[in-house]
Amino acid sequence: MPMIVLFTDFGLQGPYTGQMKAVLHQMTVGTPLIDLFADAPIGNAKASAYLLAAYSLWFPPGTIFLSVVDPGVGGTRPAVMVKANSRWYVGPGNGLFELVQRRSEDALTWDIDWKPERLSASFHGRDLFAPVAAMLARGDPPPGRLRTDGADRRPDWPDDLAEIVYVDHFGNAMTGLRAAILAPNSRLAVGDRTFDRARTFSDLPPGTGFWYENSNGLAEIAVNQGRADLDLGLTIGTRIEIVS
Amino acid sequence: MPMIVLFTDFGLQGPYTGQMKAVLHQMTVGTPLIDLFADAPIGNAKASAYLLAAYSLWFPPGTIFLSVVDPGVGGTRPAVMVKANSRWYVGPGNGLFELVQRRSEDALTWDIDWKPERLSASFHGRDLFAPVAAMLARGDPPPGRLRTDGADRRPDWPDDLAEIVYVDHFGNAMTGLRAAILAPNSRLAVGDRTFDRARTFSDLPPGTGFWYENSNGLAEIAVNQGRADLDLGLTIGTRIEIVS
Amino acid sequence: MPMIVLFTDFGLQGPYTGQMKAVLHQMTVGTPLIDLFADAPIGNAKASAYLLAAYSLWFPPGTIFLSVVDPGVGGTRPAVMVKANSRWYVGPGNGLFELVQRRSEDALTWDIDWKPERLSASFHGRDLFAPVAAMLARGDPPPGRLRTDGADRRPDWPDDLAEIVYVDHFGNAMTGLRAAILAPNSRLAVGDRTFDRARTFSDLPPGTGFWYENSNGLAEIAVNQGRADLDLGLTIGTRIEIVS
């Protein structure tokens with residue numbers, strides 16, 4: 001049975017995630033619903049795109065990612081379904097799937113042309129994307145047609161993003177850089193501070209800043225028994241430099 | 001299969017929501033449990049009542065709302081079950097269901113007279129309301145008797161509340177006013193600032209404050225690509241004026 | 001069907017809880033997964049140990065507690081399974097289960113010797129502890145051997161901890177003291193303020209600080225219609241004195 005994984009900037013609190021899950025439960029009885037990120041970078045499809053691409057490959061083939069970071073909701077941005085690496089992605093065509101598409105050899109993209117009975121102007125996650133994710137989870141064919149333009153693509157975005165794209169509950173700061181593209185002894189710099197690579201937290205004295213390959217392959221800056229966000233002034237969007 | 005929807009001021013973190021769900025899972029195997037609001041206005045049954053009435057009608061008939069905003073827990077407030085618009089509501093009779101009852105043509109209210117083996121003084125959500133919600137989800141008759149007084153009603157509360165009743169993860173500020181009762185060109189004012197109506201975020205330049213009908217019918221004040229709470233000083237309880 | 005209960009310091013947001021649940025869903029289809037605490041004291045196995053011991057006994061026998069407060073992840077701390085009071089506990093052997101073990105007459109502890117195909121250095125919750133919790137939920141024998149040393153024990157920790165171990169969404173401050181060990185008229189003191197015992201919130205005038213036995217047996221300091229954390233300056237680690 002496939003899982004439906006939620007990747008949004010809605011926050012876990014408030015009514016948004018719950019209403020999407022109510023739609024999914026009604027349309028796909030018994031399908032596991034997983035909250036991956038409810039706090040993706042708010043309104044920031046670019047940073048979110050690097051995060052989604054890094055995290056989604058950990059999930060098994062067949063997983064459906066209901067992905068909504070959608071500051072242009074109600075406007076002219078397309079609504080899309082992407083199949084890439086045997087996984088499905090449903091959400092706004094605002095670049096959110098750019099890295100997933102680029103890193104797959106066989107990505108296909110459809111425009112959603114299914115219309116709900118009632119489409120609110122501000123909550124396509126509930127009214128449009130959740131029903132389409134449920135259809136895909138049930139094994140329905142994608143309710144739309146293959147795209148013939150690249151309105152959802154962002155070819156000018158880099159392959160890896162040298163910025164902080166997420167700060168977690170511990171204050172660790174994830175970059176949009178895959179550790180695998182960095183030389184083993186690369187150092188990362190923020191302003192005039194540089195960080196060596198370590199294997200994990202317990203390898204270093206308390207208070208030391210370092211970077212490491214996190215459990216999903218991103219280069220992440222952390223402070224052992226400290227908070228990289230507060231101790232080092234890191235926040236989403238902070239620029240990183242790669243120092244060989 | 002009916003859903004059980006949680007509407008509380010408990011917060012998603014901490015043990016409270018989890019313990020209620022443990023009760024529900026044990027008593028109603030396989031029933032979907034939906035977190036609608038875990039961050040309803042803390043201890044504020046009045047603001048919560050307008051929020052619950054607006055959001056619950058979106059859910060299908062048969063849904064059970066386990067609703068706990070209960071600053072008087074352990075005191076003399078009644079514990080009730082309400083059937084209104086083919087949906088069930090279980091929780092404290094402190095006004096929380098006033099608008100649900102008032103907006104239904106056939107609302108019935110029962111006092112809960114079932115008693116658990118052990119009733120803590122401070123957590124009726126887990127010990128009393130969750131088991132009763134589970135009974136209703138299983139199709140049991142309501143474990144109590146029809147009310148003969150109005151101790152749970154608040155006839156002095158207005159039909160719509162001209163206040164902010166919720167601020168979401170984006171900083172958007174929901175009022176207790178149904179958009180449908182406002183004239184199409186109504187403006188809303190807070191202090192000396194007035195806001196025009198718009199259809200959705202992308203209709204306006206970044207930084208512009210406006211109000212719109214949100215996806216559940218409430219008038220909501222927002223700032224395109226901004227935060228209405230911080231940019232405009234809005235918080236739960238802020239008074240709103242309707243300017244024709 | 002047993003439940004799997006999550007007790008971590010991961011935060012509900014971010015990817016950690018979701019990835020653990022994805023593992024659990026795949027390995028134990030249909031098992032209820034309950035979020036008890038996702039905000040246990042960060043990196044603080046000692047305070048967490050008193051919280052876990054107080055809350056886990058409320059759950060039915062057979063429950064599996066996937067418990068991860070693990071600042072030494074990737075280092076030399078053992079990885080363990082504990083059976084105590086007919087419940088299972090899986091997580092780091094850093095003292096997190098000390099009070100559960102001590103308060104059980106028949107606690108048994110195993111070292112985990114199962115190894116996943118891929119073990120990240122920083123996320124044993126997902127790669128090691130979640131699969132083991134799933135095995136136990138399926139009824140598999142514990143994948144390891146009984147411990148022969150006490151590397152996971154902390155005999156020097158007290159039976160009850162006279163400190164704040166958790167602050168909830170309402171600002172109520174839980175201590176690591178079981179109310180049952182306190183004399184009925186004990187008072188608790190923080191600095192030069194003392195608090196009398198009360199039964200529940202509604203027994204006292206608004207603004208009054210007091211302590212009471214919370215719904216899981218811990219002594220908890222609260223302020224009726226106020227926030228004990230802000231009004232009284234309480235935070236995790238604040239020392240409490242027992243005044244007869």
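What counts, and at which threshold
- Residues numbered from 1 in each chain as written.
- Chains lettered and ligands numbered in written order.
- Predicted model: local features only at pLDDT ≥ 70, side-chain atom pairs only at ≥ 80, totals over all residues.
- Heavy atoms only, no water.
- Helix = DSSP H or I, 4+ residues; strand = E, 2+ residues; numbered from the N terminus.
- Rg over C-alpha atoms; globule rule 2.2 N^0.38 Å.
- Buried < 20%, exposed > 50% of the residue type's maximum accessible area, 1.4 Å probe, protein only.
- Contact = heavy atoms within 4.5 Å.
- Areas by Shrake-Rupley, 256 points an atom, 1.4 Å probe, with all protein chains shown as cover.
- Lys, Arg positive; Asp, Glu negative; His and termini not counted.
- Charge placed at Lys NZ, Arg CZ, Asp CG, Glu CD.
- Polar contact = N/O pair within 3.5 Å; in protein donor to acceptor, adjacent residues only side chain to side chain.
- Buried area = accessible area lost by both parts, 1.4 Å probe.
- Salt bridge = Lys/Arg side-chain N within 4 Å of Asp/Glu carboxyl O.
- Least-squares fit on C-alpha atoms with pLDDT ≥ 70 in both.
- Nonpolar A, V, L, I, M, F, W, Y, C, P; charged D, E, K, R; others polar.
- Pairing = 2+ DSSP bridges.
- Phe/Tyr/Trp six-rings, centres within 6.5 Å; stacked < 30°, edge-to-face > 60°.
- Axes fitted to C-alpha atoms, helices over the stretch in contact; angles between N-to-C directions.

(A) A look at the overall build of chain A. Looking only at helices and strands, one finds five helices and 14 strands in chain A. Taken over C-alpha atoms, the radius of gyration comes to 19 Å for chain A, in line with the 18 Å a tight globule of 244 residues would show. In terms of overall dimensions, chain A has C-alpha extents of about 55 × 35 × 35 Å along its principal axes. Across the 244 residues of chain A, 61% fall into the buried class. A fraction of 67% describes how many contacts in chain A between residues 6 or more apart in sequence connect residues 24 or more apart. Accessible surface computed for chain A: about 9100 Å², of which carbon and sulfur atoms make up 50%. Separation between the mean location of the 22 positive side-chain charges and that of the 27 negative ones in chain A comes to 3 Å.

(B) Quick look at the side chain of glutamate 163 of chain A. Residue and element names in this part refer to chain A. Counting through the fold element by element, glutamate 163 comes out in strand E8 (residues 161-167). Given a relative accessible area of 18%, glutamate 163 falls into the buried group. Reaching out from glutamate 163, the side chain makes a polar contact with the side chain of arginine 239 at a distance of 3.4 Å.

(C) How the structure looks around the environment of glycine 93 of chain B. All names here are of chain B. Examined against the element boundaries, glycine 93 turns out to sit in the loop between strand E5 (87-92) and helix H3 (98-102). Between the alpha carbons of glycine 93 and valine 73 there is a distance of 11 Å; along the sequence they are 20 residues apart. Once you skip the residues sitting within four places of it in the chain, glycine 93 turns out to touch Arg77, Pro78, Ala79, Val80, Ala151, Asp152 and Arg154.

(D) Local environment of the interface of chain A and chain C. Between chain A and chain C, the contact holds 26 residues from the first and 28 residues from the second. Summing both sides of the interface, chain A and chain C together bury roughly 2200 Å²; the carbon and sulfur share of this comes to 61%. Sorting the residues of chain A by area buried against chain C places Trp58, His169 and Ser215 of chain A first, and these three jointly supply 26% of that buried surface. There are zero salt bridges connecting chain A and chain C. Where chain A packs against chain C, one counts six residue pairs in polar contact (both at pLDDT 80 or more).

(E) Representation of the relation of the copies chain A and chain B in the model. For these two chains of identical sequence, chain A goes onto chain B by a turn of 120 degrees and a shift of 0.0 Å along the axis, with RMSD 0.0 Å. Expressed as an axis order, the relation between the two copies is that of a three-fold axis. Mapped onto chain B, only 7% of the interface residues of chain A again fall at the interface, so the copies present different surfaces.

(F) Fine view of the interface of chain A and chain B. Across the boundary between the two partners, chain A contributes 28 residues, which contact 26 residues of chain B. Taking both partners together, chain A and chain B bury about 2200 Å²; carbon and sulfur atoms supply 61% of that area. One can count six residue pairs in polar contact (both at pLDDT 80 or more) joining chain A with chain B. For the side of chain A that touches chain B, the per-class residue count stands at 12 nonpolar, 12 polar and four charged.

(G) How the structure looks around the relation of the copies chain A and chain C. The two copies are related by a screw motion: chain A maps onto chain C through a turn of 120 degrees and a shift of 0.0 Å along the axis, at an RMSD of 0.0 Å. When you check the interface residues of chain A against chain C, a mere 8% turn up at the interface there too, and the two sides of the contact use different surfaces.

(H) A look at the pairing of strand E8 (residues 161-167) of chain C. Residues and elements named next belong to chain C. By the criterion of burial, E8 is predominantly enclosed, with six of the seven residues buried. In the sheet, E8 pairs with strand E9 (residues 173-178) via four bridges, with the strands oriented antiparallel. Within E9, the position partnered with leucine 161 by the bridge is glycine 176. Connecting E8 to the next strand, E9, in antiparallel fashion are five residues, including glycine 171 with a positive phi near 90 degrees.

(I) Looking closely at the packing of aromatic side chains. All names here are of chain B. Going through the model one piece at a time under the given rule, you end up with 42 aromatic pairs over all chains. Arranged with centres 5.4 Å apart and planes meeting at 90 degrees, the rings of tyrosine 16 and phenylalanine 123 form a pair that is edge-to-face. In this pair, tyrosine 16 sits in helix H1 (residues 16-27) while phenylalanine 123 sits in the loop between strand E6 (108-112) and helix H4 (124-137), placing the two residues 107 residues apart along the sequence. Comparing tyrosine 16 with phenylalanine 123 shows no difference in burial state: the two are buried.

(J) Here's a closer look at the sheet that holds strand E11 (residues 193-195) of chain B. Residues and elements named next belong to chain B. Across the sheet, which stays open at both edges, the three strands sit in the order E11-E10-E14 with antiparallel pairing between neighbours. Because the sheet does not close on itself, it has two edges, and the strands there are E11 and strand E14 (241-243). The sheet shows a mean angle of 35 degrees between the axes of neighbouring strands, direction not considered. Two strands pair when backbone bridges link them, and strand E10 (residues 187-190) and E11 are joined in this way by three bridges, in the antiparallel orientation. Its bridge partner lying in E11, leucine 188 is registered against phenylalanine 195.

(K) The pairing of strand E3 (residues 64-68) of chain C, seen in detail. Residue and element names in this part refer to chain C. Of all five residues making up E3, five are buried, and the element is well covered by its neighbours. Covered by surrounding structure in E3 are Ile64, Leu66 and Val68 together with Phe65 and Ser67, the residues of both alternating faces. In the sheet, strand E1 (residues 4-8) pairs with E3 via five bridges, with the strands oriented parallel. The partner of phenylalanine 7 across the bridge, within E3, is serine 67.

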